[in-house]
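Residue-level listing of the chains:
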Amino acid sequence: MPVDLVDWLLTGLQRSSKDLKEMAASKEASFIIPTVDISAYLQDPSSDAAAQVVKQIETGCRTSGFFQITHHGIPTQLRDTVLNASKTFFTLPNEEKEKYYGGPGRGYEKIGEQVLEPGTKPELKEGYFIARNDPTRLPPYRAFEAPNIWPTPSIPDSTFKEPLLAYHDAVSSLARTLMDMLAHGLNLSPSIFSAFCHEPVASVRLLHYPPHPTSKDPNLRGAGAHTDFGAITLLLQDESSGLQVLNKESGEWIDVPPNKDAYVVNVGDMLERWTNGGYKSTVHRVINTSGTDRYSVPFFYDGNLDFVIKPLVDGDGREEEEGFTVEQHMLERYKASYVDNVKP
Ligand SMILES: O=C(O)CCC(=O)C(=O)O
Ligand SMILES: [Fe+2]
């Protein structure tokens, strides 16, 4: 029991059970990861039911920085195809996978390439990054704008490239809708995010976590404790547990149970800065203790490279500060977390 609660109980024995219940409720209210059926919003964003959806999402953003969404409109079949494409790729021999290495942010990233939590070991996960496809871009490419790498001919395009591109489109449009919901929750016009959402840096990242070794190495992680870099992340998980979110107040790591039908959505650093800390970019990590291989597919919505992030609401008198561009922020975070310090 937290010390402040013990003190409160000892000094206030005469308090009524109603007070106790209210206190318990307010303690709980400090860290909520709601599961929200968003269908009412998708049907009619101006309905009363949609306003309830927005409210629940806002509660998640203001307390834990996490929420799950169901009935989001992305077909189960497309999500299953993506998870299968991921398994197909990661079961290729290492020398085959390494042909598709593209540096941070593109193509294959091998096990141990990233260390998100300083002081821990190179992480027990491998990945594959797929960015927004923009055939109109020409070299020289800016950071984050290089074309995608496809694992052709190791895997037929109909098994990997095509479903992944379709998935990128679908999840991008869901992310855009979520940005509208967030604007509503902040009592801002959805147009507030238009410039950020124009030609955004937005990546699907296939991740494979081998089972965590049973020899308990305290410095080994699947993904070390970190906050996400961008505005929001939409995470598809398979049936293996492993994702944990830190409740800073209690110091506890809270498991996020896998739900194949849901997306886990979390607030990233850019949105926290925009909302001046009102929406929380919360520390999370992955330790795959499921005993089996774990596959997950985060989608990072990081915004337009030239967009300048500054507080939009809940001003604290720092509005005059210069802010930072999406490009500056992303470069800094990538460089800090990749072992070889390579430019994306
Ligand atoms: O794999 C997961 O469940 C989470 C991954 C994650 O946090 C990340 O890639 O930023
Ligand atoms: Fe993350």
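For the structure, check the block above.
The following refers to the structure shown.

Procedures and definitions
- Residues numbered from 1 in each chain as written.
- Chains lettered and ligands numbered in written order.
- Predicted model: local features only at pLDDT ≥ 70, side-chain atom pairs only at ≥ 80, totals over all residues.
- Heavy atoms only, no water.
- Donors = N, O, S within 2.8 Å, 3.2 Å for Na, K, Ca; no water.
- Buried < 20%, exposed > 50% of the residue type's maximum accessible area, 1.4 Å probe, protein only.
- Phe/Tyr/Trp six-rings, centres within 6.5 Å; stacked < 30°, edge-to-face > 60°.
- Helix = DSSP H or I, 4+ residues; strand = E, 2+ residues; numbered from the N terminus.
- Lys NZ or Arg CZ within 6 Å of the ring centre and 35° of its normal.
- Pairing = 2+ DSSP bridges.
- Axes fitted to C-alpha atoms, helices over the stretch in contact; angles between N-to-C directions.
- Near = heavy atom within 4 Å.
- Polar contact = N/O pair within 3.5 Å; in protein donor to acceptor, adjacent residues only side chain to side chain.
- Salt bridge = Lys/Arg side-chain N within 4 Å of Asp/Glu carboxyl O.

1. Quick look at the coordination of the iron ion (ligand 2)
- Donor atoms from the polypeptide that bind the iron ion (ligand 2) are His226 (NE2), Asp228 (OD) and His284 (NE2), placed at 2.1 Å.
- For the iron ion (ligand 2), the donor residues sit on a single chain with the sequence spacing H-x1-D-x55-H. The pair formed by His226 and Asp228 is uniform in burial state, with each residue classed as buried.

2. A look at the packing of aromatic side chains
- Under the defined criterion, the tally for this structure stands at 16 aromatic pairs.
- A ring pair is formed by Phe196 and Trp274, whose centres lie 4.8 Å apart and whose planes are at 65°; its orientation type is edge-to-face. Here Phe196 is found in helix α8 (residues 194-197), whereas its partner Trp274 is found in helix α9 (residues 269-274), with 78 residues between them in sequence. Across the pair, Trp274 and Phe196 agree in class, each one buried.
- Members of the aromatic cluster, joined through ring pairs, are Phe89, Phe90, Tyr100, Tyr108, Tyr128, Trp150 and Phe160.
- The side chain of Lys110 reaches across the aromatic face of Tyr101, ending 5.5 Å from its centre.
- One residue, Arg285, lies across the ring of Trp253, its end atom 4.0 Å from the ring centre.

3. What to know about the sheet that holds strand β6 (residues 223-226)
- Ordered in space as β6-β11-β8-β9, the 4 strands form an open sheet in which the pairing is antiparallel. Only two strands of the sheet have a single partner each, and these edge strands are β6 and β9 (252-255). On average, adjacent strands in this sheet sit at an angle of 25° to one another, irrespective of strand direction.
- Sheet topology note: the strand β8 (residues 243-247)/β9 ladder contains 4 bridges and is antiparallel. Across the sheet, residue Val245 finds its bridge partner in β9, namely Ile254.

4. Considering the site of ligand 1
- Neighbouring ligand 1 are 13 residues, the closest being Tyr209, His226, His284, Arg294 and Ser296.
- At 3.2 Å, a side-chain N or O of Arg205 approaches an oxygen atom of ligand 1.
- Between ligand 1 and His284, the relevant distance is 3.1 Å, taken from an oxygen atom to a side-chain nitrogen or oxygen of the residue.
- Put simply, the parts of the chain that give the shell around ligand 1 at least two residues each are β5 (201-209), β11 (284-286) and β12 (294-303).

5. With respect to the pattern of salt bridges
- Applying the stated criterion across every chain, the model contains 15 salt bridges.
- The closest approach of N and O atoms between Lys99 and Glu96, which form a salt bridge, is 3.1 Å.
- For Lys99, a relative accessible area of 56% translates into the label exposed.
- According to the relative accessible area criterion, Glu96 is partly exposed, its value standing at 21%.
- Among the ionic pairs, Glu126 bridges to Lys97, the shortest N-O distance being 3.0 Å.

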